[in-house]
Amino acid sequence: MSQKIHIAAALAAICLLAGTGNAQAQTNVVFEDFEGYGASALNFTGFSDLTVASGSVDYIHEPDWGLATPFGDGFVDLDGSTGAGGFLRTGVFTLGTGDGLVFQFNAAGNMRGGSDVLEYGLYALDPAVTWTFGGGNYVGYNPDGTFNLQGVSIAGNHLWHTVDMASDYPWTEIQLRIGADQPTQFFAYVRTASSDNMGPLIDNFQLDLVPVPEPATWALMILGFGLAGAMLRRRYFAPSM
Ligand SMILES: [Ca+2]
Ligand SMILES: [Ca+2]
Ligand SMILES: [Ca+2]
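What counts as what
- Residues numbered from 1 in each chain as written.
- Chains lettered and ligands numbered in written order.
- Predicted model: local features only at pLDDT ≥ 70, side-chain atom pairs only at ≥ 80, totals over all residues.
- Helix = DSSP H or I, 4+ residues; strand = E, 2+ residues; numbered from the N terminus.
- Buried ≥ 20, exposed ≤ 12 C-beta atoms within 10 Å, placed from the backbone.
- Contact = placed C-beta atoms within 7 Å.
- Pairing = 2+ DSSP bridges.
- Core = buried A, V, L, I, M, F, W, Y, C linked by C-beta atoms within 7 Å.

Within the chain one finds two helices and 14 strands. When burial is assessed residue by residue, the chain has 26% of its 241 residues classed as buried. Restricting to contacts in the chain with at least 6 residues of sequence separation, those with at least 24 account for 79%.

Take a look at the structure:
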C-alpha cells in the first residue's frame, strides 16, 4: 500500500472520530422565543417549555403594550398582574459526570418605571448535590461575552445571580455556563421579587446541554492524529525508495 493511501486512511479515521464527537455536540433542550402564543395575555401560564412555579407573569405580544423588543413581537413581563412577581422555570434535566450546560436569555428593564431585581440560577434537585467554584459542580459566569465567576452566589444545591435593573436597562444577553463532576438533576429559572406588576422583561430563554466526549473518544482522536503525523513524517522525511 502506498504512503498516500496510508495517510488517506488515517485522515478518514480522524474524520470519522471527529464525526463521533460532533454527534455528542451541544443539545438544545429549551428554546422559548415567546413568539407563538397569539395576543397578549395577563397572568399567562401556557408556555410550552416553561412553568410559572409561583407568582405570575404577563405574556406581551406587541404592538399591544408599546414596549420595545429587538426579538420579534413576543416576550414576557416577569411581574404579572397579581402583585406577586413570577418564578419561571424549566422542567428537570440531567447532567452526567463531565457534562456541561449553557443557560442563556435576553433581559431588559421593565420600561415603565422604578427598578427591579432580576434573579436567575439553577437548583439541583438532590440537596446533597452542591454547586462549588472549582471543586465540584463548577460554574462560570458570562454576562457580556467574558468568562468569569463574578457575582455568582452558591448555597448548597442552589446557584444564582442577581441583576439590578433600572426601568431603562437595555436588552442584554445573560449567560451562565456550568459543568458537572457528578450526576446532577436540575432546573433553571428566572424570577423577580417585584410586586408592582411591572417586572423585568425576558425573551429567548434557552438551555443547552453540552456533553463532554468519552475519554476513549479522546484517546482514539489523539492516536489518530499521532498516526497521521507519523505517516506525514515518513512521506516527507524518509529516504526515497
Ligand atoms: Ca421574542
Ligand atoms: Ca405585569
Ligand atoms: Ca417592579
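Further remarks concern the pairing of strand β8 (residues 115-124). Two strands pair when backbone bridges link them, and β8 and strand β11 (residues 158-166) are joined in this way by nine bridges, in the antiparallel orientation. Within β11, the residue paired with Leu118 across the bridge is Val163. Pairing between β8 and strand β13 (residues 184-192): seven bridges, direction antiparallel. Residue Leu118 lies in a different strand from β13, and its bridge partner there is Thr192.

A separate point is the nonpolar core. Core analysis: the biggest nonpolar cluster contains 35 residues, and Val76, Leu88, Val190 and Ile202 have the highest contact counts within it. Within the residue set of this core, elements represented by two or more residues are β3 (58-61), β4 (74-77), β7 (100-108), β8, β11, β12 (172-179), β13 and β14 (201-210). If you tally residues by element for this core, the top one is β7, at five residues. In this structure, Val76 is in contact with Phe34, Val57, Asp58, Tyr59, Ile60, Leu201 and Ile202, ignoring residues within four places of it in sequence.

Between Glu62 and Pro63 the backbone carries a cis peptide bond, its omega angle lying at 15 degrees. Relative to the helices and strands, Pro63 is located in the loop between β3 and β4. Even without a glycine there, the phi angle at Phe34 is positive, about 60 degrees. Judged by local crowding, Phe34 falls into the buried class, with 23 C-beta atoms found within 10 Å. Of note, Asn197 is a non-glycine position whose phi angle comes to about 70 degrees, a positive value.

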